[in-house]
Amino acid sequence: MRTLYVSDLDGTLLHNDETLSDDTKALLHALQENGGAFAYATARSYHTAQKVTAGLSCTFAIVYNGAFVIDCRSGKRVIEHFFSEDACADLKRLLTQYRIEPICYACHGDQEFYSYHPALINDETRSFLDTRKGDVRDHPVASSQDLFSGSLFYVTMIGDDRLADLYERLKADPRFHVVYQKDHYSDAMWLEVMSAQAGKGEAIKACRKLMGITEVICFGDSLNDLSLFAASDYACAMGNALEAVKKQADEVILSNEEDGVAKWIMVHMQRQKDWFTVRQLEKDTWCISEPKHYENPHSYLLVGEKRALLIDCGLGIGELSQVVSKLCDVPIVVTLTHAHWDHMGAYGDFDERLLYHDEASWLKHYPLSSEAIKEQLTKEPCDYPAAFHLENYAIYQGEADHLLQDGEIIDLGNRRIQVIHTPGHSPGHVCYYEATRQTLYSGDLIYLGKLDMFYPTTDPHAFASSIKKLAAFDVKTIRPGHNTLRISPDVIGKIDAAFEQLKARGVCVQGSGIYDFGDFQLHL
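Residues numbered from 1 in each chain as written. Predicted model: local features only at pLDDT ≥ 70, side-chain atom pairs only at ≥ 80, totals over all residues. Heavy atoms only, no water.

## A few points about the layout of surface pockets
The condition that has to hold: Buriedness of a pocket was judged along seven lines, with at least five required to meet protein on both sides within 12 Å; pockets are open sets of points on a 1 Å grid over the protein atoms alone, cavities are sets where a 1.4 Å probe fits but cannot get out, and lining residues have an atom within 4 Å of a point. Grid points are joined across faces, edges and corners, and a volume is the space filled by probe spheres set on the points. In this text, helices come from DSSP runs of H or I with a minimum length of four residues, and strands from runs of E with a minimum of two, each type numbered from the N-terminal end. The nonpolar class holds Ala, Val, Leu, Ile, Met, Phe, Trp, Tyr, Cys and Pro. Asp, Glu, Lys and Arg form the charged class, and all remaining residues, Gly among them, are polar.
Considering only enclosed or pocket space, the second largest pocket measures out at about 820 Å³ in volume. Around the second largest pocket, the lining is made up of 37 residues, and of these D10, D183, H184, Y185 and W190 lie nearest the centre. Only α5 (123-130), β9 (151-158), β10 (176-182) and β11 (189-195) provide two or more residues apiece to the lining of the second largest pocket. A class-by-class count of the residues in the lining of the second largest pocket yields 13 nonpolar, 11 polar and 13 charged.

## Regarding unusual backbone geometry
Of note, the phi angle at D259 is positive, near 55°, even though the residue is not glycine. If you check the backbone angles, N483 has positive phi at about 65° while not being a glycine. Among the secondary structure elements, N483 is positioned in the loop between β27 (477-480) and α15 (491-505).

## Examining the packing of aromatic side chains
Applicable threshold: Only rings of Phe, Tyr and Trp enter the pairing, Trp through its six-membered ring, and a pair is recorded when the two centres are within 6.5 Å. The plane angle decides the type: under 30 degrees is stacked, over 60 is edge-to-face, the rest tilted. The cut-offs for exposure are 20% and 50% of the maximum accessible area for each residue type, with area from a 1.4 Å probe on protein chains only; residues under the lower value are buried, those over the upper are exposed, and the others partly exposed.
For the structure shown, the criterion picks out 26 aromatic pairs. Seen from their ring centres, Y167 and Y180 are 5.4 Å apart, and the 25° between their planes marks the pair as stacked. Remark: Y180 occurs in strand β10 and Y167 occurs in helix α6 (residues 163-171); sequence separation between them is 13 residues. Between Y234 and W264 the ring centres are 6.0 Å apart and the planes differ by 25°, which places this aromatic pair in the stacked class. Here Y234, found in strand β13 (residues 234-237), pairs with W264, found in helix α10 (residues 260-271); they are 30 residues apart in sequence, far enough to count as distant. Note on W264: relative accessible area 12%, which makes it buried. Aromatic rings pair up to connect Y64, F68, F82, Y105, Y114, Y116, F153 and Y154 into one cluster.

## Let's talk about the confidence of the model for the protein
Stated precisely, the cut-off is as follows: Every residue gets a pLDDT, meaning the predictor's confidence in that residue, from 0 to 100.
Put simply, the protein has an average pLDDT of 89, and 99% of its residues get 70 or more. The weakest mean pLDDT in the protein belongs to helix α7 (residues 200-211) at 81; the strongest belongs to strand β24 (residues 430-434) at 97.

## Thoughts on the pattern of salt bridges
Filter applied, for reference: What makes a salt bridge here is a side-chain nitrogen of Lys or Arg within 4 Å of a carboxyl oxygen of Asp or Glu, nothing more.
Within the structure shown, the criterion is met by 34 salt bridges. The partner of E434 in a salt bridge is R437, with the nearest N and O atoms 3.5 Å apart. Residue classification places E434 among the buried residues on the basis of a relative accessible area of 1%. Overall, the relative accessible area of 23% leaves R437 in the partly exposed class. Through salt bridges with shared partners, a single ionic network connects E282, K283, D284, R415, E434, R437 and R479.

## Considering the sheet that holds strand β26 (residues 449-452)
This is how it is decided: A pair of strands is labelled paired if DSSP reports no fewer than 2 bridges between them. Lines fitted to C-alpha atoms define the axes here, with helix axes fitted over just the stretch in contact, and angles between the N-to-C directions of these axes take values from 0 to 180 degrees.
An order of β26-β29-β28 is seen for the three strands of this open sheet, with the pairing classed as mixed. Pairing within the sheet leaves two strands with one partner each, and these edge strands are β26 and β28 (514-516). Each adjacent strand pair in this sheet contributes to an overall mean axis angle of 25°, direction not counted. Sheet analysis places β28 next to strand β29 (residues 520-523), joined by three bridges and oriented antiparallel. Among the inter-strand pairings, Y515 is bridged to a residue of β29, identified as L522.

## Quick notes on the nonpolar core
Applicable threshold: Take the buried residues of types Ala, Val, Leu, Ile, Met, Phe, Trp, Tyr and Cys, join any two whose side-chain atoms come within 4.5 Å, and each joined set is a nonpolar core.
In terms of nonpolar packing, the biggest core is built from 71 residues, with L4, V6, F38, Y40, F219, W264 and I265 touching the most fellow members. Sort the elements by how many residues they give to this core and strand β2 (residues 37-41) lands first, with five residues. Within the second largest apolar cluster, 35 residues are counted, among which are L315, V330, W362 and I373.

## What to know about α10
Defined as follows: Working rule for helices: expected span equals 1.5 Å times residues minus one.
In a regular helix each residue adds 1.5 Å, so 12 residues correspond to 16 Å; α10 covers 17 Å between its end C-alpha atoms and thus fits that length. Of all the positions in α10, only G260, V261, A262, W264, I265 and H268 are classed as buried.

## A word on the environment of D406
So the rule is basically this: By definition, residues are in contact when any of their heavy atoms lie within 4.5 Å. Residues adjacent in sequence count toward polar contacts only when both atoms are side-chain atoms; beyond that, a polar contact is any pair of N or O atoms within 3.5 Å, and within protein one must be able to donate a hydrogen and the other to accept it.
With respect to the secondary-structure elements, D406 resides in the loop between β21 (402-404) and β22 (409-411). A sequence separation of 331 residues divides D406 from G75, and the C-alpha atoms of the two residues are 57 Å apart. Residues in contact with D406, not counting those within four places in the same chain, are Y356, V419, I420, H421 and K469. In terms of polar contacts, D406 uses its side chain to reach the backbone amide nitrogen of H421, at 2.9 Å.

Here you go:
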């Protein structure tokens, strides 16, 4: 598994005086020396970012809020997003209508420049430009008509009372990605406009593909970091971050003045030596993952007043029962979303076991041989724990203590978890729903990645029906069985729409192929 750490600069990695500490430089250099990957994502240009990150080891630089991605080894743009001609024309018309004087960033070939009308800009814009004196990209113009020359990719406006209204107009236009927020240093409001294909989040998705990244961990403090959060597997807000940003984060860490990013990465690097990664999602809910393995399955511990529920139990590598027993002091009952080997590895290590009734036969007569399971387990290289011996590996065969029914409620005392039968990936696949928290534990029915329904015990039409069934539930949070933990609940509707497309094309049949819908693929 390869992890990419991505940090915002101003207010996040940088101190308030726009400097990096020696400790941060040393830590990130050590990270890359050991094969790690680090990138920064900023509203700054690469030109100004280089000045404040001198001495920092980076793999990629995401600049202009994602309009460009730079390979830091070569200094070349590897991803670039420009405005279309019609978007440029309409943006120019709107700025004329609002009588707002912008700074326009464009390219002539490989040469970047920024244009502005020095006689018409406001004091806030002039103050910002004063900090860029001597910049080789500086390009004042004599007429506002010349602002939009070249290939335009970024437009910024500062401190004008009309920006809030213009922001509302622009954000409704699907051709634009817009950010409206207070500047970290001046407290002036900034409106930044890019192509809809730009944005820190979209840049991260592209970097995943370029680098073969399987996990992205990000750090931010401001509103323009929210798209970065949404595209990452784990998001850390700085202690100095806006409250709206903290609410969207998985964790709030030390502030930028306390070198929060570097210190968090240092601790995380140490934890990566362990087989399990344990993340506290809520005060009484944990996710236990196995990121060293290519399957990277997630198990979830839900702690109630009377007992705790462990949903799925991973690969059976390492001592999962010992890990979860340290997280609570009430009896633990284990249940499965489905009886596949990568979700039931530690099933026999618990005293009380639940299972949906349609999966019960798999516990007695598993459809794969022990040799086939071991072959699947080890098909990709993995740094297994020293105590793991493949010859001793076996999944549980026996009986469950209680067979679940569709709609049944598992009572933990102060938490009630509903069983939802969702066949398709397996005949007895279930999701678990906690209505009071509007949280769905989706197993292998929903995650970002390739959703499998191509082997004999799967059923594409049952899978599609199960997705439609879930659409009736009020879901705000999805806890998936694999891959990133950060999933928007609107993916339920997107998967439903994808199935409808396949049905309309007459290809919603097993064996028809793999269909790519961006964040997820349907493998029939």
